[in-house]
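Spelled out, the chains give:
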Amino acid sequence: MSMLQIRGKQVTCRGILFDKDGTLLDFLQLWGPWAESLLNQLESQLSELGASFTVEREQVLGTVRNREGHLIGYDLQGPLAIATVDESNGLLAGQLYAAGMPWNEAITTIRRFSSVAMGEVRQRKRAEPLPGLNAFLQRCQEASIPMAVVTSDSTAAAEEHMEWMGIRSYFTSIVGSDRVTWGKPDGEAAVLACRELHILPEEAVVIGDSNGDMQMGRNAGVSCRIGFCPEVEGSHYLYDADVIIQNYDELKIISERSSQGDLVKEERG
């Protein structure tokens, strides 16, 4: 059995469940253009209806733009960060409904806009592994630690993004929102991933960048919830994390035998 060491603390780790966006890949690089495309299309449609957003544009999905209008960030507790695509589509359709469009037409229109935006994302294929990720995945593989991806995205999209980054082969299981009844923060997806890794939830570690990931791990009963936050100022959102890291170099993998050997050395010393 392997152990994961984080700043001197050791936790049982027979498997690791990773969130995808913001944990394995740069969130804004992939989803920023999607959100901007959707909001631009929606804004144009609302203008044709003689209406505007019911709230500030940035509050619709939780995007952050600078004075020049460029997307520079997102609310870590907002729908863009946590909601599924279907949930986001529902929020956007609500804007058209408020402008007087029947709901069936509103949701159909937003789904069309989303398809256009997703097509643009696929053309760009802007999905890059976060710094240090590849080396950590390699170390996990060498230690025979099975890994899974648990995401609010669809399973097919997650598979696609893993392929773009060249890391799909590291993962035994990919659980998207379409494979469960209840998505994050419910623990169902984590429990399913553990089942497919042939481990118990209490033997698993969750790594994610949102508190929804941490709550999912808590609800599933995992051994450790690791919050991933490269920027220190954003870490206060991860209040259900057991520990917070800024990069993958902070995680060390040790075998149980090595751990026992270190303990013997300490006792002798």
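The structure displayed is predicted, hence computed values, not measured ones.

Novice: An account of helix 7 (residues 155-165) is requested, with residue identities and associated values reported.
Specialist: Buried residues of helix 7: Thr 155, Ala 157, Ala 158, His 161, Met 162, Trp 164 and Met 165, and no others. Looking at the buried residues of helix 7, the elements they touch are helix 1 (27-48), helix 5 (103-124), strand 6 (147-150) and strand 7 (173-175). At the exit of helix 7 stands Gly 166, carrying a positive phi of roughly 75°.

Novice: Provide a residue-level description of the layout of surface pockets, including the pertinent values.
Specialist: One number sums up the size of the largest pocket: a volume of about 460 Å³. In terms of lining, the largest pocket is formed by 20 residues, of which the most central are Gly 22, Tyr 74, Leu 76, Pro 230 and Glu 231. Listed by contribution, the elements that provide at least two residues to the lining of the largest pocket are helix 1 and strand 5 (71-74). For the lining of the largest pocket, the element with the most residues is strand 5, which contributes three residues. Taken together, the residues that form the lining of the largest pocket break down as 11 nonpolar, five polar and four charged. Along the walls of the second largest pocket sit 23 residues, with Val 85, Asp 86, Asp 153, Ser 154 and Ser 177 positioned nearest its centre.

Novice: Talk me through the pairing of strand 8 (residues 204-208); I want residue IDs and the actual numbers.
Specialist: Moving residue by residue along a regular strand, the side chains alternate between the two faces of the sheet. Buried residues dominate strand 8, accounting for five of its five residues. Alignment of strand 3 (residues 15-18) against strand 8, held across four bridges, turns out to be parallel. Counterpart to Ile 16 in the pairing with strand 8 is Val 205. Pairing of strand 8 with strand 9 (residues 224-228) involves four bridges; the strand directions are parallel. Opposite Val 205, over in strand 9, you have Cys 224 as the bridge partner.

Novice: Give me empty space enclosed by the protein: which residues, what numbers.
Specialist: To find the voids left in a structure, one rolls a probe of water-molecule size over its atoms. With the rule as written, the count across this model stands at two cavities of 30 Å³ or more. What the largest cavity holds in volume is close to 220 Å³. What lines the largest cavity is a set of 20 residues, and nearest its centre among them are Asp 21, Leu 80, Ala 81, Ala 83 and Ser 152. Counted by class, the lining of the largest cavity contains eight nonpolar, six polar and six charged residues.

Reading the values: rules and limits
- Residues numbered from 1 in each chain as written.
- Predicted model: local features only at pLDDT ≥ 70, side-chain atom pairs only at ≥ 80, totals over all residues.
- Heavy atoms only, no water.
- Buried < 20%, exposed > 50% of the residue type's maximum accessible area, 1.4 Å probe, protein only.
- Helix = DSSP H or I, 4+ residues; strand = E, 2+ residues; numbered from the N terminus.
- Contact = heavy atoms within 4.5 Å.
- 1 Å grid on protein atoms, 1.4 Å probe; cavity = no way out; pocket = protein on both sides within 12 Å on 5 of 7 lines; lining within 4 Å.
- Points joined across faces, edges and corners; volume = space filled by probe spheres on them.
- Nonpolar A, V, L, I, M, F, W, Y, C, P; charged D, E, K, R; others polar.
- Pairing = 2+ DSSP bridges.

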